Amino acid sequence: MSVSGTTLRTIDALVEHGFADRRDRADLEKVAARYVVAVTPDVAALIDTSDANDPIARQYVPSKFELESTAVEKADPIGDDTHSPVKGIVHRYPDRVLFKLVHVCAVYCRFCFRREMVGPGKETAMSDAACGAALNYIRAHAEIWEVILTGGDPLMLSARRLCEIMSDLAAIPHVKIIRIHSRVPVADPARVTDEVVSALKVKGATTWFALHANHPRELTPAARAACARLIDAGIPMVSQSVLLRGVNDDAATLEALMRSFVECRIKPYYLHHGDLAPGTAHLRTSLEEGQKLMQALRGRVSGLCQPGYVLDIPGGHGKVPALAAYVSREGEASGIAHYRVTDYCGDVHLYPPADAES
């Protein structure tokens, strides 16, 4: 559906454009009071209002089911805070850090694992002092080889500010890789200007770009052109997607998505199992479903199109392949399946965590 050049940010606007049911308005207002809403014109144009289960709408349009939280869901489901030595930095693995520069996005995904950290009443960006302290932390830790710019979405920063941050990081001798994680080429491709592309190219470090997309319809001609501007400038791209019920939880859709990435010169990287973020149970699949889909994908597409299916262990224990060698089902209690998960250090954890149900 075509929408004027304004991002839709209220339930009234979503109802007016036919993206939300006015009968659900009261519940959706409660959702919007807790979790921020934004649907850009580019995304709105992809939504099929005649389809009550449209896979684009399921990603971006709030649902009354977001008011339902389960005992295993947590505000910080993957344990960012556990590994945050200074504000804005997450140092979970020895050789790399997350650098959370901003807490705003072009659009807000309904499954976001940082949904409690963005939106109404939250900070929009790091202060200069906090940013300086984060950079000093990176400078002081020579083991940090890679810095991942995330948030929020780092491409919400101006080209000038991006250039400053990229230059500061590239000037640190031990930082060799700067990776950008962004939804912007899909959600607002016009923001990927020549100035932004130039800002991401720096001497002294190699820039990689990770695009988040979950459905092949998101890779529109405009999105593909935005990605081409980055790749043609010499910035390699990888993809990250989330396995979502009703969006991409069938082999045909995953096949089309991964093929679309490769056609765009984007190497499929991660397919994330849905995190235990509050109000997202209606969008999560089971681990078994994900494993079966990966088996099906293996027989349908070449190795170029194969992402790694990964689980972020709650509590900050890191990502592991969501495969039988790492994940084994232990049983079921209170209608919830339980698993034993082995992390990259060889330690074993329960998933969901045992303390989540207490």
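Use the structure listed above.
These numbers were taken from a predicted model, which means no experiment stands behind them.

Asker: Just to check I follow, could you spell out the state of the cysteines for this structure?
Answerer: Each disulfide consists of one covalent bond between the sulfur atoms belonging to two cysteines. Taken as a whole, this structure holds zero disulfides when the rule is applied. Of the cysteine sulfurs around Cys105, a residue in no disulfide, the closest is that of Cys112, at 6.4 Å. With no disulfide of its own, Cys305 has Cys264 as its nearest cysteine by sulfur position, at a separation of 12 Å. Note on Cys305: relative accessible area 5%, which makes it buried.

Asker: When you look at the pairing of strand S5 (residues 206–212) in this model, what are you seeing that I'm missing?
Answerer: Buried residues dominate S5, accounting for five of its seven residues. Sheet analysis places strand S4 (residues 177–182) next to S5, joined by six bridges and oriented parallel. Bridge assignment links Ile180 to a residue of S5, and that residue is Phe209. Bridge count between S5 and strand S6 (residues 237–242): four bridges; the pairing is parallel. Across the sheet, residue His212 finds its bridge partner in S6, namely Gln240.

Asker: Explanation requested: helix H5 (residues 128–140) in the structure shown.
Answerer: Each α-helix turn comprises 3.6 residues. Residues three or four places apart therefore point the same way. Helix length check: H5 (13 residues) gives 18 Å between terminal C-alpha atoms against 18 Å at 1.5 Å per residue, within 8%. Of the residues making up H5, those classed as buried are Ala130, Cys131, Ala134, Leu135, Tyr137 and Ile138. The arc enclosing the buried residues of H5, seen along the axis, measures out at 155°, which places them on a common side. What points out from H5, more than 90 degrees from its buried face, is the exposed set Asp128, Ala129 and Ala140. On its buried face, H5 sits against strand S1 (89–93), strand S2 (96–100), strand S3 (146–150) and helix H6 (159–170).

Asker: Can you help me understand the packing of aromatic side chains in this one?
Answerer: Both the distance between ring centres and the angle between the ring planes are used here to describe each pair of aromatic rings. All chains considered together, the criterion is met by two aromatic pairs. Geometrically, the ring pair formed by Tyr269 and Tyr270 is stacked, given 4.1 Å between the ring centres and 20° between the ring planes. With relative accessibility at 30%, the residue Tyr269 sits in the partly exposed group. Centre to centre, the rings of Tyr339 and Tyr351 are 6.3 Å apart; their planes meet at 50°, and the pair counts as tilted. Taken together, the positions of Tyr339 in strand S11 (residues 336–342) and Tyr351 in strand S12 (residues 348–351) put the pair 12 residues apart, joining distant regions of the chain. As far as the burial class goes, Tyr339 and Tyr351 line up, both buried. Positioned above the aromatic ring of Tyr93, the side-chain terminus of Arg96 is 4.0 Å from the ring centre. Lying across the ring of Tyr35, Arg115 places its NZ or CZ 3.7 Å from the centre.

Asker: Explain the nonpolar core here, please?
Answerer: Buried together is how nonpolar side chains tend to be arranged in soluble globular proteins. Formed by 101 residues in total, the largest nonpolar core has its most connected members in Phe99, Ile138, Leu149 and Leu169. In contact with Leu149, not counting residues within four places along its chain, are Phe99, Leu101, Pro154, Ile165, Met166, Leu169, Ile178, Arg179, Ile180 and His181. The next biggest cluster of nonpolar side chains, apart from the first, holds five residues, and it includes Val36, Ala38, Tyr108 and Val118.

Asker: Before we go on, may I ask you to explain the sheet that holds S3 in this structure?
Answerer: In sheet architecture, strand pairing relies on hydrogen bonds along the backbone and comes in two forms, parallel and antiparallel. With mixed pairing, nine strands are arranged side by side in an open sheet as S1-S2-S3-S4-S5-S6-S7-S8-S9. In the strand order of this sheet, the two ends are held by S1 and strand S9 (318–321), each with one partner. Strand-to-strand twist in this sheet, taken as the mean axis angle between neighbours without regard to direction, amounts to 30°. As paired strands, strand S7 (residues 266–272) and strand S8 (residues 308–313) are joined by three bridges and run parallel to one another. When the bridges of S8 are listed, His272 appears paired with Val310. Contacts from H5 reach S1, S2 and S3, with the element oriented near 175° to S2.

Asker: Teacher, can you tell me more about the packing of H5 against H6 here?
Answerer: How two helices pack is summed up by the angle between their axes together with the distance between the axes. Their axes nearest at 11 Å, the elements H5 and H6 cross at an angle of 25°. Relative to H6, the element H5 lies roughly parallel. For H5 against H6, the interelement crossing comes out right-handed. Only Arg161, Ile165, Asp168 and Leu169 of H6 make contact with H5, whose side of the interface consists of Asp128, Cys131, Leu135 and Ile138. Residues belonging to the contact of H5 with H6 are distributed by class as follows: five nonpolar, no polar and three charged.

Asker: Please explain the sheet that holds strand S10 (residues 327–333) as it appears in this structure.
Answerer: Taken in spatial order, the three strands of this open sheet run S10-S11-S12, and their pairing is antiparallel. Of all the strands in the sheet, just S10 and S12 have a single pairing partner and so form its edges. Between one strand and the next, the sheet's axes are offset by a mean angle of 25°, whatever the strand orientation. Where S11 lies against S12, four bridges are found, and the strand directions are antiparallel. Looking across to S12, one finds that Arg340 is bridged to Leu350. The strands touched by helix H11 (residues 287–300) within the sheet are S10, S11 and S12, with S10 carrying the most contacts at an inclination of about 145°.

Asker: Please clarify how the packing of helix H10 (residues 251–263) against H11 should be interpreted in this entry.
Answerer: In contact at an axis separation of 10 Å, H10 and H11 are set at 55° when each is read in the N-to-C sense. Compared by their axis directions, H10 and H11 come out oblique. Read as a crossing pair, H10 and H11 show a hand that is right-handed. Residues Ala251, Ala252, Leu254, Glu255, Met258 and Arg259 of H10 form the contact with H11, whose participating residues are Leu293, Ala296, Leu297 and Arg300. Of the residues in the contact of H10 with H11, the class split is seven nonpolar, no polar and three charged.

Rules of the game
- Residues numbered from 1 in each chain as written.
- Predicted model: local features only at pLDDT ≥ 70, side-chain atom pairs only at ≥ 80, totals over all residues.
- Heavy atoms only, no water.
- Disulfide = S-S within 2.5 Å.
- Buried < 20%, exposed > 50% of the residue type's maximum accessible area, 1.4 Å probe, protein only.
- Helix = DSSP H or I, 4+ residues; strand = E, 2+ residues; numbered from the N terminus.
- Pairing = 2+ DSSP bridges.
- Expected span 1.5 Å × (residues − 1).
- Arc of directions from axis to C-beta.
- Contact = heavy atoms within 4.5 Å.
- Phe/Tyr/Trp six-rings, centres within 6.5 Å; stacked < 30°, edge-to-face > 60°.
- Lys NZ or Arg CZ within 6 Å of the ring centre and 35° of its normal.
- Core = buried A, V, L, I, M, F, W, Y, C linked by side-chain atoms within 4.5 Å.
- Axes fitted to C-alpha atoms, helices over the stretch in contact; angles between N-to-C directions.
- Parallel < 35°, antiparallel > 145°, perpendicular 65-115°, else oblique.
- Left-handed = near helix turned anticlockwise from the far one by under 90°.
- Nonpolar A, V, L, I, M, F, W, Y, C, P; charged D, E, K, R; others polar.

Just geometry here; none of it tells us what the structure is for.
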